[in-house]
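Residue-level listing of the chains:
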Amino acid sequence: MAGSGDAHLRDPGAFDDVVLRVENLVQEFPAGGTVGRLAGRRAVVHAVSDVSLDVRRGETLGVVGESGCGKSTTARAIVQMPRPTSGRVLLGPGTDDEVDLAATGGSALREVRPRLQMIFQDPISSLNPRRSVRDIVGEGLAVWSSASDGPHQEARVDEVLRAVGIDPAVAATRRAHQFSGGQCQRISIARAVVLDPEVLICDEPVSALDVSVQAQILNLLEDMKDRYGLTLVFISHDLSVVRNVSDRVAVMYLGKLCEVGDADAIYERPAHPYTRALLASAPEPAPSVDPSEAAVGDEVPSPIDPPSGCRFRTRCPRAVERCAVEEPVLRAVGDDHHVACHFPSLWPSS
Amino acid sequence: MTEQLPPDRHPRQQRDAHLHVQDIESQTSVQGGYEAMLGGLSFDDSRGRRLGVTFWCAIGWMGLVLVAAVAAPWLPLADPDQTGFGGRLDPPSGDAWFGTDGNGRDVFSRTVWGARISLVVGFVAIVMGMAFGGTLGILAGYFRGTVDRLASFLMFALLAFPGLVLALLFIASLGPSLTVVSLTLGILAIAPVGRLARAATLLYAEREFVQAARVLGAGHGRIIVRELLPNVLVPMSGLALLGMAITVVAEGGLAFLGLSVADGFSWGKLIVMGAAPRTLRDGPWVAMFPIGAMFLTVLALNYAGDRLRWYLDVRELAFER
Amino acid sequence: MSATPSPSGPVGPLLSVRDLGVTFRTPDGDVRAVDGVSFDLAEGRTLGIVGESGSGKSVTAKALMNLLPSYADVEGTITFDGRDVRALATARERHFWGVELTMVFQDPMTSLNPVKRIGEQIAECLRVHLGRSRRDASAAALDLLERVGIPEPRKRLRQYPHELSGGLRQRVVIAMALACGPRLLIADEPTTALDVTVQKHILDLLDDLRRERGMSMVLITHDLGVVKGRADDVMVMYGGRTMEHAASGPLFTAMRHPYTSALLETIPRIDAAAHARLVPIAGRPPNPSELGPWCPFAPRCGSRVEACTVEAPPLVDDGTGHRSACFAPLGAGEA
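Keep in mind that this is a model prediction, so the values were computed, not measured. (Residues numbered from 1 in each chain as written. Chains lettered and ligands numbered in written order. Predicted model: local features only at pLDDT ≥ 70, side-chain atom pairs only at ≥ 80, totals over all residues. Heavy atoms only, no water.)

Description of the sheet that holds strand β4 (residues 72–80) of chain C
Residues and elements named next belong to chain C.
Line of reasoning, step 1. A sheet is described by the order of its strands in space; here four strands give the open sequence β2-β1-β4-β5, paired in antiparallel fashion. Each end of this open sheet is capped by a strand with a single partner; those strands are β2 (29–42) and β5 (83–84).
Line of reasoning, step 2. Here strand β1 (residues 13–26) runs beside β2; their pairing, made up of 10 bridges, is antiparallel. Each bridged residue has a counterpart across the sheet, and for T26 the counterpart in β2 is G29.
Line of reasoning, step 3. Docked against the sheet, helix α1 (residues 57–64) engages β1, β2 and β4, running at close to 110° with respect to β1. (Pairing = 2+ DSSP bridges. Helix = DSSP H or I, 4+ residues; strand = E, 2+ residues; numbered from the N terminus. Contact = heavy atoms within 4.5 Å. Axes fitted to C-alpha atoms, helices over the stretch in contact; angles between N-to-C directions.)

Re the pattern of salt bridges
Line of reasoning, step 1. By the definition in use, this model includes 52 salt bridges over all chains.
Line of reasoning, step 2. Among the salt bridges present, the one from R10 of chain A reaches D54 of chain A, with a minimum N-O distance of 3.2 Å. One end of the pair, R10 of chain A, is in the segment before β1 (18–30); the other, D54 of chain A, is in strand β2 (residues 44–56), with 44 residues separating them in the sequence. Residue R10 of chain A shares its accessibility class with D54 of chain A, and that shared class is buried.
Line of reasoning, step 3. D35 of chain C serves as the salt-bridge partner of R32 of chain C, at 3.0 Å between the closest nitrogen and oxygen.
Line of reasoning, step 4. Residue class for D35 of chain C comes out partly exposed when judged on its relative accessible area of 22%.
Line of reasoning, step 5. Residues joined by salt bridges that share partners form a network here, namely R10, D54, E59, R248 and D336 of chain A. (Salt bridge = Lys/Arg side-chain N within 4 Å of Asp/Glu carboxyl O. Buried < 20%, exposed > 50% of the residue type's maximum accessible area, 1.4 Å probe, protein only.)

Topic: helix α3 (residues 53–71) of chain B
Residue and element names in this part refer to chain B.
Line of reasoning, step 1. Taking 1.5 Å per residue, 19 residues should reach 27 Å; α3 reaches 26 Å between its end C-alpha atoms and fits that length.
Line of reasoning, step 2. The set of residues buried in α3 consists of F55, A58, M62, V65 and A69. Looking straight down α3, one finds its buried side chains confined to an arc of 95°; they lie on one side. Turned more than 90 degrees from where α3 packs its buried face, V53, W56, L64 and V67 sit exposed.
Line of reasoning, step 3. Buried positions along α3 lie against α4 (107–143), α10 (267–274) and α12 (285–312). (Expected span 1.5 Å × (residues − 1). Arc of directions from axis to C-beta.)

A few points about the nonpolar core
Line of reasoning, step 1. I189 and M224 of chain A are the most contacted members of the largest nonpolar core, which totals 70 residues.
Line of reasoning, step 2. By size, the runner-up hydrophobic cluster in this structure holds 62 residues, among which are V148, M176, C180 and V236 of chain C. (Core = buried A, V, L, I, M, F, W, Y, C linked by side-chain atoms within 4.5 Å.)

Remarks on the interface of chain A and chain C
Line of reasoning, step 1. Taken together, the contact between chain A and chain C spans 41 residues of the former and 40 residues of the latter.
Line of reasoning, step 2. The three residues of chain A that bury the most area against chain C are V211, S212 and D298 of chain A, which together make up 19% of that side's buried surface.
Line of reasoning, step 3. Viewed at the interface, chain C and chain A are joined by three salt bridges.
Line of reasoning, step 4. The closest approach of N and O atoms between K228 of chain C and E284 of chain A, which form a salt bridge, is 3.9 Å.
Line of reasoning, step 5. Scanning the region where chain A abuts chain C turns up 17 residue pairs in polar contact (both at pLDDT 80 or more).
Line of reasoning, step 6. For the side of chain A that touches chain C, the elements supplying multiple residues, two or more each, are α8 (211–228), α9 (239–245) and α11 (273–281) of chain A. (Buried area = accessible area lost by both parts, 1.4 Å probe. Polar contact = N/O pair within 3.5 Å; in protein donor to acceptor, adjacent residues only side chain to side chain.)

Some words on the side chain of T221 of chain C
Residues and elements named next belong to chain C.
Line of reasoning, step 1. With respect to the helices and strands, T221 occurs in strand β8 (residues 216–221).
Line of reasoning, step 2. Taking relative accessible area as the criterion, T221 reaches 4% and is therefore assigned buried.
Line of reasoning, step 3. Not counting residues within four places of it along the chain, the set of residues in contact with T221 comprises I49, V50, G51, K57, E189, V226 and V227.

A look at the pairing of β2 of chain C
Line of reasoning, step 1. Across the 14 residues that make up β2 of chain C, a large majority, 10, are buried.
Line of reasoning, step 2. In textbook terms, the turn of a hairpin is the stretch between consecutive antiparallel strands, and for β1 of chain C and β2 of chain C this stretch comprises two residues.

A word on the confidence of the model for chain C
Residue and element names in this part refer to chain C.
Line of reasoning, step 1. In the predicted model, chain C carries a mean pLDDT of 87, and the fraction of residues at 70 or more is 95%.
Line of reasoning, step 2. Across residues 1–10 the pLDDT falls below 50, and counting only partners more than four positions away or on other chains, this stretch makes 26 contacts in the model.
Line of reasoning, step 3. Note on the complex model: pTM 0.86, ipTM 0.88. (pLDDT = per-residue confidence, 0-100.)

Structural notes on the packing of aromatic side chains
Line of reasoning, step 1. Tallied over the full model, the rule gives 15 aromatic pairs over all chains.
Line of reasoning, step 2. On the basis of an interplanar angle of 55° and a centroid distance of 5.9 Å, the ring pair of F24 of chain C and Y71 of chain C is categorised as tilted. One end of the pair, F24 of chain C, is in strand β1; the other, Y71 of chain C, is in the loop between α1 and β4, with 47 residues separating them in the sequence.
Line of reasoning, step 3. The buried category is assigned to F24 of chain C, whose relative accessible area is 15%.
Line of reasoning, step 4. Feature note: the residues W97, F98, F108 and F289 of chain B constitute an aromatic cluster, connected by ring pairs.
Line of reasoning, step 5. Of note, R322 of chain A hangs over the ring of F343 of chain A, and the distance from its end group to the ring centre comes to 5.9 Å. (Phe/Tyr/Trp six-rings, centres within 6.5 Å; stacked < 30°, edge-to-face > 60°. Lys NZ or Arg CZ within 6 Å of the ring centre and 35° of its normal.)

Side note on unusual backbone geometry
Residue and element names in this part refer to chain A.
Line of reasoning, step 1. Note that the residue after M81, namely P82, is joined by a cis bond; omega there is -5°.
Line of reasoning, step 2. With respect to the element layout, P82 can be found in the loop between α2 (71–78) and β4 (86–91).
Line of reasoning, step 3. Notably, L254 is not glycine yet its phi reads approximately 50°, a positive angle.
Line of reasoning, step 4. Position of L254 among the secondary structure elements: in the loop between β9 (248–253) and β10 (256–262).
Line of reasoning, step 5. On the basis of relative accessible area, L254 is assigned to the buried category, the value being 3%.

Digging into helix α7 (residues 196–213) of chain C
Line of reasoning, step 1. Spanning 18 residues, α7 of chain C covers 26 Å between terminal C-alpha atoms, matching the ideal 26 Å at 1.5 Å per step.
Line of reasoning, step 2. Just beyond α7 of chain C, the residue with positive phi is G214 of chain C, at close to 65°.

Observations concerning the environment of V251 of chain A
Residues and elements named next belong to chain A.
Line of reasoning, step 1. On the secondary structure map, V251 appears in strand β9.
Line of reasoning, step 2. Given the relative accessible area of 1%, V251 is considered buried.
Line of reasoning, step 3. In this structure the C-alpha to C-alpha distance between V251 and V296, which are 45 residues apart in sequence, comes to 16 Å.
Line of reasoning, step 4. Every residue in contact with V251, bar those within four places of it in the chain, is listed here: V64, K256, L257, C258, E259, I266, Y274, T275 and L278.

So, the pairing of strand β11 (residues 331–334) of chain A
All names here are of chain A.
Line of reasoning, step 1. Across three bridges, β11 lies against strand β12 (residues 337–339) in antiparallel orientation. Pairing of G334 across the sheet is with H337, part of β12.
Line of reasoning, step 2. Remark: two residues form the turn of the hairpin made by β11 and β12, two consecutive strands paired antiparallel; D336 in that turn has positive phi of roughly 45°.

The following block contains the structure:
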């Protein structure tokens, strides 16, 4: 797989409503401990290698993959925490408001930050244990408006809290440890939407929650999308959750994209052997694949020394010599369906 | 918002998708214990933690010492420097509660007055340690990188320097005034406080709520003051009380070397004076009462500091995985 | 409750648990983590215990393994192969744990010593418990690694746990658990920390090993999908109590407890359409400190009746071995 390329990006001429475009994102970290560095070895973790993505207004892009595939690193690189090694992160590409976050710094970056918000995996850790819910949710307003806005700010905080299903009259003065995980995640969502962002990045927002609470939060995110006109980038390792929320899906493996496209196409006509293995490995395998396709090895190669050519070749049942030599580039296999594989499963176009 | 579920989407799911406070409170009345559980469904208010009687005893003792020290000039006490208030080395009695010393001065009055200098030294030193060490530690922990390397080097240098030598150096060259003694002990407090502040900051700076503040566009100053400081102050407040206890004892140590405040007297100095062999034999109360006052105060500070840290450490595990 | 037979076969049960209760004595008050749990497990069968956080599933497993801390009060009886294991006193008797009854944890590093080579750790189990010689034990360790599907087992024997991926580590832990030929293996969320492509392999491996050795297995998980098709019987726990216990088939197709049903319906399906509205369960799971004599699921339950808030419904067997604890069970009024 090892998919580079940008065939899957939507033509800005044809689609004028792309709100976020990530181009050739690369994120590398120095690897190893002091010993390695003392020995003069400069190993590098290739966490994200040449990933491009775009999202249209009102769309939900699901990014799915296993641990170490770079999906969370991608999310953090988009919000510049930390900044990517290279690549562009364009907010509102092609519009007057176009900003390349990766090329912006200091107060200019701070000023565009409200347009792009994020919610995190750990609901407890996401909230400052020493501040009240009102302070936490109103923080964005407090940063960006003058003191005279007080009453207006309070009304806004109340409105957003009600929208996430928390009663401000009872909850606003309390602190995070008095809430359950699901309620903390609601408060995190309220904090993120209070500034009316264009894009909301959700990094595994339901993974830390109990099964019986997940659906509440997923439904809430859908409601918030409608209510506040949000565009979501939804990162998760859970294929069923991504299926539920996404319009478009990107499958990642070892820092690269495998397959990108319309969610129905990916789930109903998966073309990449890794996507197929993922779908076959789910506790209840997707009907579009044979359960036997889950038989890929357990050994995920190290991102310090990723395989040459296609990064999935070491576990791929279809790998041949060519896969080690030539890196597959993302190419179209259907309407809005792109795959980075030399030997994808092809489906009769319907 | 609340309900956007189409009604009767699922026959068994008649309740609101988001059971929240209002829903709970508007429910039909049920059994007491069960109702309590519904309350628990939304908020976990049960702190279940008490500071305890001992803590309040400790606070009470510290309050008493503080009030006595501050109000000493107005209290109906004998002049602590008045020789011949009683006889030489009179044992404790109704007139002189703690007895008198070798010069016939009232030991009770001297113990109360001695608290003034001991507490000032302890307080100034720890405030200085908190201000400089805390700032240094928070900046190091938040910015990491070069700032951290510089600050850590400074703190290691301070830790590596023998404290007693530093105190001797300063006091011998600048003279044993209250200011010099306090500041010297303050400098010695910077490194331990700084290390703690740095460690606590490192812990919290990794947390998602700090990242969330950055994503909202908050600047460094705001993040440090609003997000980090309230959290870092918790372990630091515990340490401040412990540090004050250590400083009070350290000042006593300096007194034994003849390095404590020249004019006036602290508990340490009173103990030294009472510890002269003949005084100790003929009038042990001269040393014992200042020792008792110092012991109880240090004990109270230690206990209160420890207890406070435990109490303020909010339970964040409202739910477990 | 009465000693209701559980839906296992005609063979006498290998493991029999009666009225198991666990109370933690904490400074903040007593916490009742497990309340009145009873079940039987026959030789060679798999019991899946499903529950969310605070359901008492892991505490139950730890009680079976005698791994609870000293501030936990345990009540009830645990009978393994006719022996009352809570009465085992001598060190020799206690060899029972780790030999006949072993456990695999969620985090493989819980069971592995980070500074010892894999080979030594497995061999140590064999030497301590079975008194094998050093050479015998190493040979057996190699066989075990091969059996649990670890590639290049000879090389792995010389490696340390940190050199292995999460999936391989869990395989090593399984090899260690199998070393002494246990008759019952308790797997507590064995795949929760693993990636989805690895998870299936580990579950399949456990299943193969169980069949091959005629072991019994208790598979504890928060994910109903994990036990579906793998466990013979499934016990659903909530708030420290058993909600429903039945053979796998009826539990998934003719569930009687509203919680089981709600749990199944709230999970997003991989084959559903995008943006399909999910059916949420209101509220959140209770903290063990909030539990009382009422049904723990009552506050979130759509079928709640007045009685649910007064006392917990007893676990009732419908005559076929399908047990459920509900005053208003599903399907009661319909058929």
